[in-house]
Structures are given as C-alpha cells and as structure tokens.
Amino acid sequence: MNHRNQTREFYAQQLVYLDENIKDLTNLYLSSTPIQERIKHFFNLYVLEVEELLSKASKKGPPSAFPKVFIGTKVTVLFEEDQETEDFIICLPEQSNPDSGFISFLSPVGRQLLLRKHGEQLSLKIPTGDLQVTIRNISFVGDLFEMEGQYKEA
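Residues numbered from 1 in each chain as written. Predicted model: local features only at pLDDT ≥ 70, side-chain atom pairs only at ≥ 80, totals over all residues. Heavy atoms only, no water.

Colleague: If you had to explain the pattern of salt bridges to someone new, which residues and values would you point to?
Modeller: Counting across every chain of the model gives 5 salt bridges. R111 is paired through a salt bridge with E37; the nearest N and O atoms lie 3.3 Å apart. A residue pair is termed long-range when its members are at least 10 positions apart, and R111 in helix α4 (residues 108-113) and E37 in the loop between α2 (22-32) and α3 (42-60) qualify at 74 residues. The exposure class assigned to R111 is buried, which follows from its relative accessible area of 10%. We note a salt bridge from K68 to E49, for which the minimum N-O separation is 3.0 Å. In this pair, K68 is assigned in the loop between α3 and β1 (73-79) and E49 in helix α3, connecting sequence segments 19 residues apart. (Salt bridge = Lys/Arg side-chain N within 4 Å of Asp/Glu carboxyl O. Helix = DSSP H or I, 4+ residues; strand = E, 2+ residues; numbered from the N terminus. Buried < 20%, exposed > 50% of the residue type's maximum accessible area, 1.4 Å probe, protein only.)

Rendered as structure tokens:
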C-alpha cells in the first residue's frame with residue numbers, strides 16, 4: 001500500500017474508531033481533564049480536523065509534513081529554556097507507552113499538543129509548572145501502529 005493510501009486508510013479507520021468508542025473516550029476525557037482545561041466539543045473539533053485532512057489528502061495527496069498534530073503523528077518539541085528537543089508520538093490511550101515516547105492524546109501533554117500547528121509556540125502545563133515550547137516538526141508515523149488490530153480490539 002502506498003503512503004497516500006496508508007495515510008487515508010489510517011485516518012478513515014480512526015474516524016470509525018472514534019465514532020464507535022465515543023462514550024468511553026468521552027468518559028476518559030472528562031475523568032482525565034481538569035474542568036478549567038476542558039474544551040467544549042473536543043471530539044467534534046478533532047473529527048472535523050481529520051475530515052479536513054482527508055479532504056485535502058484526496059485532492060493533493062498526503063502531506064509530506066503534517067500541518068497539525070494528530071493521533072498517529074510524531075511531534076518534535078523544542079524546549080525553549082534548554083534548547084533541547086523531544087519527540088512524542090501521539091496515540092490512542094491503549095497504545096500509550098511513555099517510556100517509548102508514545103503518549104495518549106488524552107494525557108495532559110498529548111491533549112495540549114493535539115491540533116497544534118508546526119512552528120506554534122505554547123506554554124506546556126506540567127505538574128511542576130509551565131514550559132515554553134515550540135512545535136519543530138510533525139510527521140505521520142501511523143505505520144508504527146497496527147491500527148487495524150488496535151481498532152478491532154477496542
């Protein structure tokens with residue numbers, strides 16, 4: 001399967017997964033997100049962004065670099081204070097493995113990175129305070145997941 005079809009299939013399966021598991025995911029979102037950080041229509045906003053990504057991909061082909069952070073992307077973050085970078089792979093909750101850089105899109109850091117743009121600067125809230133970061137790179141890494149198996153198991 002070529003890269004274009006792989007990307008489209010990955011996000012098409014993701015939309016089905018989100019639709020079929022929306023109640024459980026919403027409960028996870030509500031239980032893991034402090035009230036003041038909750039975004040109204042969080043999942044609707046994400047689905048609209050994925051649909052737009054798929055629409056653009058069908059017209060122009062898959063992006064070589066993703067314009068925003070999605071589930072299934074690797075995001076390179078530059079920590080401004082020490083000028084060091086770290087990669088995070090944004091994934092579904094059941095795929096999370098922080099020691100390997102796989103963080104759930106519902107985790108505190110994953111949630112703050114989701115849908116951020118390449119080059120965007122933000123204040124990343126962590127338990128010990130705020131970190132000033134810049135999104136340096138976003139790339140599709142859906143091939144790292146066995147998505148079909150993950151979606152069927154959920």
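Colleague: I'd like to hear about the nonpolar core, residue by residue, with values.
Modeller: Ranked by internal contacts, the top residues of the largest apolar core, which has 39 residues, are Y11, V75, I90, F105 and L113. Mapped by element, the contributors of at least two residues to this core are α1 (3-20), α2, α3, β1, β2 (84-91), β3 (102-104), β4 (121-126) and β5 (129-140). No other element matches the 6 residues that α3 contributes to this core. Look past the residues within four positions of Y11 in its chain and what remains in contact with it is Y46, V50, L53, L54, F66, F70, I71, G72, T73 and F140. (Core = buried A, V, L, I, M, F, W, Y, C linked by side-chain atoms within 4.5 Å. Contact = heavy atoms within 4.5 Å.)

Colleague: Explain the sheet that holds β2 residue by residue, including any values.
Modeller: Across the sheet, 5 strands lie side by side as β3-β2-β1-β5-β4; this open sheet has mixed pairing. Of all the strands in the sheet, the pair left with one neighbour each is β3 and β4. Taken pair by pair, the neighbouring strands of this sheet meet at an average axis angle of 45°, ignoring direction. Strand direction decides the pairing type here: β4 and β5, joined by 6 bridges, are antiparallel. When the sheet's bridge partners are listed, S123 is paired in β5 with Q132. (Pairing = 2+ DSSP bridges. Axes fitted to C-alpha atoms, helices over the stretch in contact; angles between N-to-C directions.)

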